[in-house]
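Residue-level structural notes
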Amino acid sequence: MNLCDIKTIKQIMAMFSLNFRKEFGQNFLTNHTVVEDIADNCCDNAHSTILEIGPGIGSLTRELAERYENVVALEIDKGLIPVLKYTLGEYRNVTVINEDVMKADLDAILAPYFEKGPVSVCANLPYYITTPILMKLLESGLPFENITIMIQSEVADRLCAPPGGKDCGAITAVLNYYGSPEKLFKVSAGNFIPAPKVDSSVVRIRLYPEKPVKPLDEATFFKTIRAAFEQRRKTLPNALSAVFSDISKEDITEIIVSCGHEPTIRGEKLSVEDFAKLSDELYKRTMK
Ligand code: SAM
């Protein structure tokens, strides 16, 4: 059964009386080579468990099941569960769970798999909720090896932007704290049914087992990043003093200069290391 064949997809949807649900971001892949490329590149270790978010009718799930030890697939749409039983029935290493990933207790679901070996994430993510899902995965503290996601190309450019570039945003800095992102390839809108309005790209994030940058206080670190990008037209002293109201603007400027920057610098020019150093100094000042 070729689950990327448009005729087959339509037949399966009709067989189970289903329509593509826009509210769940249902754009299914119709190019088998793309599905194989994603499955091939999401992980180096065949003994891994793969957490798939949004299996749809199971096209990527099957390829993952062929390559890796276990696949745990979370699907929000109840209507697709019987479809997945039909398309994945022959795979003993696949567990399908009917849950919203945003509400799911990933710790509890994945604990038995982390005991067995490495766990990675692989997903063709629904566009409407890309960033919240990515943040949930990163903030979960779960030791995922890789997170490979297909997302809107524009978001991929942002995630993989080098510091200082025009595409760089708060999410870029936050992501680079957790791991190293890499854009693998682009997939044009014509490779999906229904076709979305924009092209997609596949991004693989290799998470650091041990983070190379260790801020004194994570909350201050994230607050510094958020402040710097929320007010990105402002210079850094202005942007930070809007948020760190208990430190005077003069002191903030002095801290920025003591970290080796011009007072006129903008936040987007800073690397993760720069943000950590700066947030450490701000944290120490708030503790005084
Ligand atoms: N993996 C399939 C493919 O590549 O053809 C489908 C990908 S489609 C872009 C996104 C899938 O995520 C849909 O099956 C949708 O129902 C599911 N989904 C949407 N929101 C979800 C959520 N919050 N939790 C779990 N699954 C979700």
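Residues numbered from 1 in each chain as written. Predicted model: local features only at pLDDT ≥ 70, side-chain atom pairs only at ≥ 80, totals over all residues. Heavy atoms only, no water.

Comments concerning the packing of helix H8 (residues 170-178) against helix H9 (residues 218-230)
It is the contact of H8 with H9, at a shortest axis distance of 8 Å, that shows an interaxial angle of 150°. Looking at the two axes, H8 sits roughly antiparallel to H9. Facing H8, whose interface residues are Ala 170, Ala 173, Val 174, Tyr 177 and Tyr 178, H9 presents Glu 218, Phe 221, Phe 222, Ile 225 and Phe 229. Looking at the contact of H8 with H9, its residues break down into 9 nonpolar, no polar and 1 charged. (Axes fitted to C-alpha atoms, helices over the stretch in contact; angles between N-to-C directions. Helix = DSSP H or I, 4+ residues; strand = E, 2+ residues; numbered from the N terminus. Parallel < 35°, antiparallel > 145°, perpendicular 65-115°, else oblique. Contact = heavy atoms within 4.5 Å. Nonpolar A, V, L, I, M, F, W, Y, C, P; charged D, E, K, R; others polar.)

Focus: the side chain of Ser 279
Structurally, the position occupied by Ser 279 is in helix H12 (residues 272-287). Every residue in contact with Ser 279, bar those within four places of it in the chain, is listed here: Pro 215, Thr 220, Phe 221 and Thr 224.

Focus: H12
Between its first and last C-alpha atoms H12 spans 22 Å; for 16 residues at 1.5 Å apiece the expected length is 22 Å, and the two agree. All buried positions along H12 are accounted for by Val 272, Phe 275, Ala 276, Leu 278, Ser 279, Asp 280 and Leu 282. Tucked into the core, H12 has its buried residues touching H8, H9, helix H10 (236-241) and helix H11 (249-258). (Expected span 1.5 Å × (residues − 1). Buried < 20%, exposed > 50% of the residue type's maximum accessible area, 1.4 Å probe, protein only.)

Overview of the state of the cysteines
Evaluated as defined, the whole model comprises 0 disulfides. This cysteine, Cys 122, is not joined by any disulfide, and Cys 42 carries the nearest cysteine sulfur, 4.0 Å off. (Disulfide = S-S within 2.5 Å.)

Some words on the packing of aromatic side chains
Under the criterion given, the structure shown has 9 aromatic pairs. Ring geometry for Phe 221 versus Phe 222: centroids 5.4 Å apart, planes at 50°, classification tilted. On the basis of relative accessibility, which here comes to 0%, the residue Phe 221 falls in the buried class. Pairing Phe 229 with Phe 275 gives two aromatic rings, centres 6.0 Å apart and planes at 45°, and the pair type is tilted. Placement of Phe 229 in helix H9 and of Phe 275 in helix H12 is noted, with a sequence separation of 46 residues between them. The same class applies to Phe 229 as to Phe 275, namely buried. In this structure an aromatic cluster arises from ring pairing among Tyr 177, Tyr 178, Phe 221 and Phe 222. Across the ring face of Phe 244, the terminal group of Lys 223 is positioned such that the distance to the ring centre comes to 4.5 Å. (Phe/Tyr/Trp six-rings, centres within 6.5 Å; stacked < 30°, edge-to-face > 60°. Lys NZ or Arg CZ within 6 Å of the ring centre and 35° of its normal.)

Digging into the packing of H9 against H12
Contact geometry of H9 with H12 gives a least axis separation of 8 Å together with a crossing angle of 110°. Compared by their axis directions, H9 and H12 come out roughly perpendicular. The handedness of the crossing between H9 and H12 is right-handed. Every residue of H12 that contacts H9 at Thr 220, Phe 221, Thr 224, Ile 225, Ala 228 and Phe 229 is listed here: Val 272, Phe 275, Ala 276, Leu 278, Ser 279, Leu 282 and Tyr 283. Here the contact of H9 with H12 is composed, by residue class, of 10 nonpolar, 3 polar and no charged. (Left-handed = near helix turned anticlockwise from the far one by under 90°.)

Bear in mind that shape data such as this cannot, by itself, settle questions of function.
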